[in-house]
Amino acid sequence: HLLTMAARPPTYYGSTPTYLLWQHAHLLTMAAHLFWQAVYRAVLAANASDMSVSGHFPRDWWHVRYHSHLREAIFCGAFPGDGWSGGISSAIFAGCIPVIIMDGIHLPFENILNYSAFAIRIPEARIPQLPAILRAILPPRVAELQTNLHRVRARFGYASLAKNELRLSLTTKPGDPAPGVLARLAASADEEEDALQTVLRSLLYQAAVRRQPATE
């Protein structure tokens with residue numbers, strides 16, 4: 001066993017498997033199916049008992065089991081299927097380092113976020129070396145990625161909407177946990193920028209780039 005889950009301190013390093021989870025699309029294209037097979041073959045060929053390749057589980061209607069596996073993992077795959085947004089954001093919210101294997105894809109907020117600080121990006125041609133690549137990442141680097149992952153987590157959520165939802169929830173029944181959850185989200189929105197602010201920053205950056213005079 002190589003790595004522990006992201007939420008644990010580094011002293012637990014080596015206690016649980018590295019789960020490489022693939023988010024299944026509801027209607028798989030042939031290309032996505034072949035991609036999954038390539039990842040599975042790479043893990044199988046490496047005899048990687050510390051890695052698991054799976055997706056949404058049968059009868060896991062609310063994805064409880066699926067997200068539980070994400071939270072127990074160090075690395076989580078963001079592969080073709082349902083698109084990059086679901087795989088990357090699910091991994092980030094679970095505290096799991098995204099392993100992005102999608103060539104030619106512009107990632108969300110990539111023009112203002114340094115993905116190399118909190119994610120691993122691997123060319124599709126290197127899928128056969130995937131187990132070796134992950135095993136070669138040393139504990140200090142894993143800890144660094146996890147720390148940076150926590151710093152950008154808020155930018156993939158919409159906590160700033162919680163204040164309005166909190167106003168609407170004032171009519172809920174006593175004992176309903178929703179207001180407490182919304183209040184915590186609203187408080188966090190005052191401290192960190194969320195996806196809405198990050199979208200605005202991305203657009204402002206794009207506008208500034210377009211205003212720059214072309215160089216000959």
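Residues numbered from 1 in each chain as written. Predicted model: local features only at pLDDT ≥ 70, side-chain atom pairs only at ≥ 80, totals over all residues. Heavy atoms only, no water.

**Thoughts on the overall build of the protein chain**
Within the protein chain one finds 8 helices and 5 strands. Taken from N to C terminus, the helices and strands of the protein chain fall in the order β-α-β-α-β-α-β-β-α-α-α-α-α. Relative to its full complement of 216 residues, the protein chain shows a buried share of 39%. For the protein chain, restricting intrachain contacts to residue pairs at least 6 apart in sequence, the fraction spanning at least 24 positions comes to 61%. (Helix = DSSP H or I, 4+ residues; strand = E, 2+ residues; numbered from the N terminus. Buried < 20%, exposed > 50% of the residue type's maximum accessible area, 1.4 Å probe, protein only. Contact = heavy atoms within 4.5 Å.)

**Regarding the pattern of salt bridges**
Following the criterion strictly, the structure yields 4 salt bridges and no others. A salt bridge links Glu 144 to Arg 141, with the nearest nitrogen and oxygen atoms 3.2 Å apart. Separated by 3 residues within a single helix, Glu 144 and Arg 141 lie in helix α5 (residues 139-152), roughly one turn from each other. By relative accessible area, Glu 144 is classed as partly exposed at 42%. (Salt bridge = Lys/Arg side-chain N within 4 Å of Asp/Glu carboxyl O.)

**Section: the state of the cysteines**
One pass over the full model with this rule turns up 1 disulfide. Covalently, Cys 76 is tied to Cys 96 through a disulfide, its sulfur atoms 2.1 Å apart. The S-S bond linking Cys 76 to Cys 96 shows a torsion near 100°; that makes this disulfide right-handed. On the criterion of sequence distance, the pair formed by Cys 76 in strand β3 (residues 75-78) and Cys 96 in the loop between α3 (84-93) and β4 (97-100) is long-range, its members being 20 residues apart. Here the two residues Cys 76 and Cys 96 agree in accessibility, since each one is buried. (Disulfide = S-S within 2.5 Å.)

What is shown is where atoms sit, not what they do.
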